[in-house]
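# Structure at a glance
This is what each chain is made of:
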Amino acid sequence: MFIGVCGLLIETINGVRYMGVAYIFAKAYWGNGYAAEAAAACMDYAFNTLGADEVIAEIRPENKKSRHVAERLGMTVRDSFVKTYKGKAMPHLIYALAKEDGHV
């Protein structure tokens, strides 16, 4: 049974490349801690195996559940930007956690 996905990716925002973590889970599985657990494992891998100095997450401002996951992981809003998707301007927050800040 498919419950969701989580992983690391390279994000390019305004010409700058970042190590990003992304997660999406079926609504039936929200609130069980799966996204936070999976994202924490990915961030641990990014910091301790890949040597990343920082990991970000792009999150729409109205996506309170994803924002809660990022905050639970110790990430804070560092910036924002507008992504154009299928001709529509979509504001996004950039949550980030630096290795020096510590991580889950």
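On a predicted model such as this, the values are computed, not experimentally measured, just so you know.

### What to know about a nonpolar patch on the surface
Taken together, Phe2, Val5 and Ile24 make up a surface patch of nonpolar side chains, about 340 Å² in accessible area. Position of phenylalanine 2 relative to the elements: it lies in the segment before strand E1 (4-13).

### Some words on unusual backbone geometry
Not every positive phi belongs to a glycine, and asparagine 14 is a case in point at roughly 50°. A positive phi angle, near 50°, is found at lysine 86, a position not held by glycine. Relative to the assigned elements, lysine 86 resides in the loop between strand E4 (76-85) and strand E5 (88-98).

### Things to note about the nonpolar core
Within soluble globular proteins, side chains that are nonpolar generally end up buried alongside one another. Within the largest apolar cluster, 23 residues are counted, with the highest numbers of intra-cluster contacts made by Val21, Tyr23, Met43, Val55, Leu73, Met75 and Tyr95. Only strand E2 (16-25), helix H1 (34-48), strand E3 (54-59), helix H2 (64-72) and E5 provide two or more residues apiece to this core. With 8 residues, H1 is the single largest residue contributor to this core. Residues Ile56, Phe81, Ile94 and Ala96 belong to the second largest nonpolar core, which totals 5 residues.

### A word on the layout of surface pockets
Any space left empty among the atoms is revealed by the rolling of a water-sized probe across them. Quantified by volume, the largest pocket comes out at close to 650 Å³. If you go around the largest pocket, you meet 28 residues; those closest to its centre are Tyr23, Asn63, Lys65, Ser66 and Val69. Among the elements of the structure, E1, E2, H1, E3 and H2 are those that each provide at least two residues to the lining of the largest pocket. Here the lining of the largest pocket takes 6 residues from H2, the largest share from any one element. Looking at the lining of the largest pocket, its residues break down into 14 nonpolar, 7 polar and 7 charged.

### Details of the packing of aromatic side chains
A complete count under the given rule lists 1 aromatic pair for this structure. For the ring pair tyrosine 29 and tyrosine 34, a centre distance of 6.4 Å and an interplane angle of 50° mean the geometry is tilted. Note on tyrosine 34: relative accessible area 35%, which makes it partly exposed.

### Quick look at the environment of glycine 7
Mapped onto the secondary structure, glycine 7 falls in strand E1. C-alpha of glycine 7 to C-alpha of tyrosine 95: the two residues are 88 residues apart in sequence and 16 Å apart in space. Excluding residues within four positions of it along the chain, glycine 7 makes contact with Gly20, Val21, Ala22 and Cys42.

### Some details on the environment of lysine 65
For lysine 65, the position within the fold is in helix H2. Owing to a relative accessible area of 52%, lysine 65 belongs among the exposed residues under this scheme. Residues lysine 65 and phenylalanine 2 lie 63 residues apart in sequence; the distance between their C-alpha atoms is 19 Å.

Calculation notes
For every chain, the first residue of the written sequence is number 1, and numbering continues from 1 onward in sequence order. Under the rules for a predicted model, residues below a pLDDT of 70 receive no local features and side-chain atom pairs below 80 are neither given nor counted, while totals for whole chains, interfaces and linings still include all residues. Hydrogens are left out, water is left out, and the side-chain values use all remaining heavy atoms of the structure. Each patch groups residues whose relative accessible area exceeds 30% and which form no salt bridge, using 9 Å between like charges and 5 Å between nonpolar side chains of Val, Leu, Ile, Met, Phe, Trp and Tyr. All accessible areas in this document rest on Shrake-Rupley with a 1.4 Å probe, and a residue is counted as covered only by the protein chains that are shown. We count a salt bridge whenever a side-chain nitrogen from Lys or Arg sits within 4 Å of a carboxyl oxygen from Asp or Glu. In this text, helices come from DSSP runs of H or I with a minimum length of four residues, and strands from runs of E with a minimum of two, each type numbered from the N-terminal end. Throughout, nonpolar core names a set of buried Ala, Val, Leu, Ile, Met, Phe, Trp, Tyr and Cys residues whose side chains join them through atoms within 4.5 Å. Relative accessibility decides the category of a residue: with a 1.4 Å probe and only protein chains considered, values under 20% of the type maximum give buried, values over 50% give exposed, and everything between is partly exposed. Cavities and pockets are defined on a 1 Å grid built over the protein atoms alone: a cavity is a set of grid points where a 1.4 Å probe fits but cannot escape, while a pocket is an open set with protein on both sides within 12 Å along at least five of seven lines, and lining residues are those with an atom within 4 Å of any such point. Grid points are joined across faces, edges and corners, and a volume is the space filled by probe spheres set on the points. Side-chain classes follow a simple rule in which Ala, Val, Leu, Ile, Met, Phe, Trp, Tyr, Cys and Pro form the nonpolar group, Asp, Glu, Lys and Arg form the charged group, and the remainder, Gly included, forms the polar group. Two aromatic rings, drawn from Phe, Tyr or Trp (for Trp, its six-membered ring), form a pair once their centres lie within 6.5 Å of each other, and the interplanar angle then sorts them: stacked below 30 degrees, edge-to-face above 60, tilted otherwise. Contacts are assigned to residue pairs that have any heavy atoms within 4.5 Å of one another.

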